[in-house]
Amino acid sequence: MSTKSPPDSLLPDIVEPIVVFGGPYGNLQALQELKRICHELNIPPRRIFCTGDLAAYCAQPLESIAFVRSWGIHVIAGNVELQLAADQADCGCNFNEGSVCDALSNKWYGFIRQEITQDQIQWFHTLPQHIRFVVAGYRCVIIHGAYTGTAKFIYHSTPWQEKQFELDAADADVILTGHCGIPFLHSQGNHIWANAGVIGMPPNDGTTLAWYLLLTPQDNELLFETRAFAYDHNTAAQRIESCNVVPEYAEALRYGIWPGNDMLPKLEKAQQGRPLIPEKLSVERLK
Ligand SMILES: [Fe+2]
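Let me sum up the structure you'll find in this document. (Residues numbered from 1 in each chain as written. Predicted model: local features only at pLDDT ≥ 70, side-chain atom pairs only at ≥ 80, totals over all residues.)

## Remarks on the overall build of the protein chain
Then step 1. Helix and strand counts for the protein chain stand at 9 helices and 12 strands.
Then step 2. Against the globule reference of 19 Å for 287 residues, the protein chain gives a C-alpha radius of gyration of 17 Å, in line with a compact fold.
Then step 3. Structurally, the protein chain occupies a C-alpha span of about 50 × 40 × 35 Å along its principal axes.
Then step 4. Relative to its full complement of 287 residues, the protein chain shows a buried share of 47%.
Then step 5. Counting only contacts in the protein chain whose residues sit at least 6 apart along the sequence, the fraction spanning at least 24 positions is 71%. (Helix = DSSP H or I, 4+ residues; strand = E, 2+ residues; numbered from the N terminus. Rg over C-alpha atoms; globule rule 2.2 N^0.38 Å. Buried ≥ 20, exposed ≤ 12 C-beta atoms within 10 Å, placed from the backbone. Contact = placed C-beta atoms within 7 Å.)

What follows is the structure, encoded as structure tokens:
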């Protein structure tokens, strides 16, 4: 995977709530609904962060990229943006050859590669891979999969030592991430790994919901919340069926089960089809 991208973005300290979300995956309907929710929460674009993979399994990659650009939020490059920008032949996830994920990713990635415009590719080249800021005294870094590898999959069941290794490598107290498709919060003391989940595909939990992360600095604490939302998933599914690239993902939007789960660890495989519950985590302010 290409690592040629702009240096980390460094933002001023943040004192108000922020929204982090992952993987729009070409699901324009989910993006539209999340924008409405952010407006309702009174969170402006400068406090909204997308962890990348704007285009993937769903049918409206170009419209979704254009939507995010015109929204004016912060965006980092995911593996999809990096691979397209580097004119690579696959999505960079290194799925096992012959697996369902491998076969399907060849189809959707090929479709996007044909559709994408040069202007959008040029914009991908401008996206940082990490964004840094401080909130409530915590040094936060927004990343895609892992700090030491954009396409590395880190799940709730991934041992804490691996997460701590990434936090140390990133020189961070908090990592805010996406990529693996399933939201979760995991902490050890004042170190936190917060996966926002993705909005373009349900988290393999048998529901049609999309997920994001709300981070709220309060008087004495910093609050992390994973939140779910419903959107017009039927239209998103119909769009996939009408372009007929990977119809399996229309089923995933309608029934909440991924067509392939061969990359999942044992624990996350066992949770397939069980509705996720929103999580909350509160830590004391460091300043
Ligand atoms: Fe990804």
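That shown, we press on.
## A few points about the pairing of strand β9 (residues 191–195)
Then step 1. With 4 of 5 residues buried, β9 is to be regarded as a mostly interior element.
Then step 2. Pairing between strand β7 (residues 174–177) and β9: 4 bridges, direction parallel. Each bridged residue has a counterpart across the sheet, and for I175 the counterpart in β9 is W193.
Then step 3. As paired strands, strand β8 (residues 184–188) and β9 are joined by 5 bridges and run antiparallel to one another. (Pairing = 2+ DSSP bridges.)

## Some points on the sheet that holds strand β11 (residues 221–229)
Then step 1. If you trace the 6 strands from one edge of the open sheet to the other, you get β4-β3-β2-β10-β11-β12, paired in mixed fashion. Each edge of the open sheet is held by one strand with a lone partner, namely β4 (74–75) and β12 (280–284).
Then step 2. In this structure, strand β3 (residues 48–50) lies alongside β4, joined through 2 bridges in parallel fashion. Within β4, the residue paired with F49 across the bridge is H74.

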